[in-house]
Amino acid sequence: MSKLRVNGFTLSLDGYGAGPDQTLEHPLGVGGETLHKWLVTTRTFHQMVIGKDGGATGVDDDFAIRSFENVGAYILGRNMFGPIRGEWPDDNWKGWWGDNPPYHVPTFVLTRYKRAPITMEGGTTFYFVTDGIHSALEQAKAAAGSKDVRIGGGVSTFRQYLQERLIDEMHLAISPVLLGSGEHLFAGLDMVKLGYRCNEQVATANALHVMIGRA
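Counting from 1, residues in each chain are numbered in the order their sequence is written. The model is predicted, so local features are restricted to residues of pLDDT at least 70 and side-chain atom pairs to those at 80 or more, both for listing and for counting; the totals for chains, interfaces and linings are taken over all residues. Values shown for side chains rest on all heavy atoms present in the structure; no hydrogens or waters enter the calculation.

Turning next to the sheet that holds strand S11 (residues 208-214). By the convention used here, strands pair only if DSSP detects at least 2 bridges between them. Secondary structure counts use DSSP, requiring at least four H or I residues in a row for a helix and at least two E residues in a row for a strand, with both numbered from the N terminus. What the nine strands build is an open sheet, ordered S5-S6-S4-S3-S7-S1-S8-S11-S10; its pairing is mixed. Two strands lie at the open edges of the sheet, namely strand S5 (118-119) and strand S10 (196-203), each paired on one side alone. Both S5 and strand S6 (residues 125-129) contribute to a ladder of two bridges, which runs antiparallel. Residue pairing across strands places Ile 118 opposite Phe 126, the latter belonging to S6. Its contacts with the sheet place helix H6 (residues 155-163) against strand S1 (4-11), strand S3 (71-76), strand S4 (106-110), strand S7 (148-153), strand S8 (169-174) and S10, and it is angled at close to 135 degrees to S1. Residues count as neighbours in contact if any of their non-hydrogen atoms are within 4.5 Å of one another. Axis lines are fitted through C-alpha atoms, for helices just across the contact stretch, and the angle between N-to-C directions can take any value from 0 to 180 degrees.

In structure tokens, the structure reads:
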């Protein structure tokens with residue numbers, strides 16, 4: 001059965017999934033890029049995201065490989081798609097990733113503002129959903145068929161689906177970095193009451209990998 005999953009979502013030691021003050025120069029907020037050393041050094045990141053050879057194998061790469069397996073659609077928050085706020089000023093902004101984004105499947109962007117779908121290279125089409133998280137999930141599941149739907153971030157989108165107990169499986173990578181401020185994932189959430197438990201944990205030099213599923 002199709003699952004709603006989170007994979008490769010990186011947190012700081014103090015629980016932040018992004019730094020403050022997202023801008024074009026700081027797409028993950030100030031300091032947010034320091035979280036992802038475990039991922040950007042892997043062979044999977046090199047191949048799947050930047051389209052180059054190289055990168056390390058090992059446990060970090062094993063988790064990166066798992067994050068791309070059996071994904072038929074993505075859901076993204078507006079801030080994951082770009083730094084623009086409010087009405088779309090024009091159709092020029094098409095994401096952070098250039099002409100060939102790393103998704104390669106239908107990708108549903110949560111927003112309050114209507115915009116026509118954008119077809120990119122490599123099989124990615126961005127669809128802009130204005131009627132909430134449940135509608136986005138319904139559309140993503142229809143597009144994914146028997147495959148899973150992956151939430152690509154950011155923190156706000158992750159939290160909304162958590163609060164509704166809609167996520168089946170989560171892989172969190174806890175990076176040995178302190179951010180001090182930004183977007184906190186678990187603030188005000190009781191994960192036990194929401195029905196989740198830790199099923200697996202593996203430590204590497206760059207992250208503690210934790211798998212969380214339904215209790």
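The next subject is the nonpolar core. The nonpolar side chains of a soluble globular protein tend to be buried with one another. Residue types Ala, Val, Leu, Ile, Met, Phe, Trp, Tyr and Cys, when buried and joined through side-chain atoms within 4.5 Å, form a set referred to as a nonpolar core. Exposure categories follow from relative accessible area, calculated using a 1.4 Å probe and restricted to protein chains: below 20% of the type maximum is buried, above 50% is exposed, and the middle band is partly exposed. Formed by 30 residues in total, the largest nonpolar core has its most connected members in Ile 75, Phe 158, Tyr 161, Leu 162, Ile 167, Met 170 and Tyr 196. Elements that contribute at least two residues to this core include exactly S1, S3, S4, helix H5 (133-144), S7, H6, S8 and S11. The greatest single-element share of this core, amounting to five residues, is contributed by H5. Ignoring sequence-local partners within four residues, the contact set of Met 170 consists of Val 6, Phe 158, Leu 162, Met 191, Tyr 196, Val 210, Met 211 and Ile 212. Within the second largest apolar cluster, 13 residues are counted, among which are Val 71, Leu 76, Tyr 103 and Phe 126.

This part is about H5. With 12 residues, H5 should reach 16 Å at 1.5 Å per residue; the first-to-last C-alpha distance of 16 Å fits that figure. Ile 133, Ser 135, Ala 136, Leu 137, Ala 140 and Ala 144 are the residues of H5 that are buried. Buried positions along H5 lie against S1, S3, S4, S6, S7 and H6. Taken from the residues just after H5, Gly 145 is the one with a positive phi, measuring 65 degrees. The span one expects for a helix is its residue count, reduced by one, times 1.5 Å.

On their own, these measurements won't tell you what the molecule is for.
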